[in-house]
Amino acid sequence: MNKAQKVRELCQQTVENMGYELYDVTYKKESDGMNLTLLIDCPNGIVIDDCERVSLAIEPIIDDANVIEDGYNLNVASIGLDHPVKDERDFIRNRDKEIEITLYAQIGEGKNKRKHLVGKLVSWTENDVTIIEDDKTLTLERKSIASIIPHIKF
């Protein structure tokens, strides 16, 4: 088990008890040294105070367990509004919401050729993603999709 996995195991319950989802944990070298980053989420969104609360709660847990012997920077952040839709929990989180899909190759004919779509996510399987775009249901093979992100309206 690597250090990020150990930190996840140590902190998961504490973060969940605080009302957040521990979305991801990474431990990697960056320009400012070794960085331990925890991404959190909750249904009402994340603000800076949430990140601070989680950081203050987990720092002693990590330090007491001595998972990371050398110095490191602890970062707690939101997954962000434009977090890519990649796995089952991302699809669940974005069900019935608008998403942006970028395809590897264009679809359509003539002037209607395009590789960027925006539609409401209605279903998905291991092989397909189905959206409703302009009242039309489109089912796309997942292997044809380069990326999926939530559609953000400002």
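The text that follows walks through the structure, step by step, so that each part is easy to find. (Residues numbered from 1 in each chain as written. Predicted model: local features only at pLDDT ≥ 70, side-chain atom pairs only at ≥ 80, totals over all residues. Heavy atoms only, no water.)

A closer look at the overall build of the chain
Within the chain, the regular secondary structure consists of three helices and eight strands. Going from N to C terminus, the chain has its helices and strands arranged as α-β-β-α-β-α-β-β-β-β-β. Compactness check: the chain gives a C-alpha radius of gyration of 19 Å against a globular reference of 15 Å for 154 residues, more than 25% above the reference. Each of the three principal axes of the chain carries a C-alpha extent, and together these read 60 × 30 × 30 Å. (Helix = DSSP H or I, 4+ residues; strand = E, 2+ residues; numbered from the N terminus. Rg over C-alpha atoms; globule rule 2.2 N^0.38 Å.)

Considering the pairing of strand E2 (residues 33-41)
With seven of nine residues buried, E2 lies mostly within the body of the structure. Two elements, strand E1 (residues 21-30) and E2, share nine bridges in a ladder whose sense is antiparallel. Among the inter-strand pairings, Tyr27 is bridged to a residue of E2, identified as Leu36. In this sheet, strand E3 (residues 73-78) lies alongside E2 in parallel orientation, the contact comprising six bridges. Bridge pairing links Leu36 to Leu74 in E3. (Buried < 20%, exposed > 50% of the residue type's maximum accessible area, 1.4 Å probe, protein only. Pairing = 2+ DSSP bridges.)

Focus on the sheet that holds strand E4 (residues 98-107)
Taking strand neighbours across the sheet as the criterion, the five strands line up as E7-E6-E5-E4-E8 in an open arrangement whose pairing is antiparallel. The open sheet has two edge strands with one neighbour each: strand E7 (136-141) and strand E8 (145-150). Each strand of the sheet is rotated relative to its neighbour by a mean of 40 degrees, with strand direction disregarded. Note: strand E6 (residues 128-133) against E7, six bridges, orientation antiparallel. Within the sheet, the bridge partner assigned to Glu133 lies in E7 and is Lys136. (Axes fitted to C-alpha atoms, helices over the stretch in contact; angles between N-to-C directions.)

What to know about the sheet that holds E1
Spatial strand order, E1-E2-E3: three strands in an open sheet with mixed pairing. Strand pairing shows two members of the sheet lacking a second neighbour, E1 and E3, which therefore form its edges. Across the sheet, the mean angle separating the axes of adjacent strands is 20 degrees when strand polarity is ignored. Along the sheet, helix H1 (residues 3-17) makes contact with E1 and E2, crossing E1 at roughly 150 degrees. This element, helix H2 (residues 48-65), spans E2 and E3 of the sheet and lies at about 140 degrees to E3. (Contact = heavy atoms within 4.5 Å.)

Details of the packing of aromatic side chains
Applying the stated rule across the entire model yields one aromatic pair. Taking 5.2 Å as the distance between ring centres and 25 degrees as the angle between the ring planes, the aromatic pair formed by Phe91 and Trp124 counts as stacked. With Phe91 in helix H3 (residues 88-94) and Trp124 in strand E5 (residues 114-124), this residue pair connects regions lying 33 residues apart in the sequence. With relative accessibility at 14%, the residue Trp124 sits in the buried group. (Phe/Tyr/Trp six-rings, centres within 6.5 Å; stacked < 30°, edge-to-face > 60°.)

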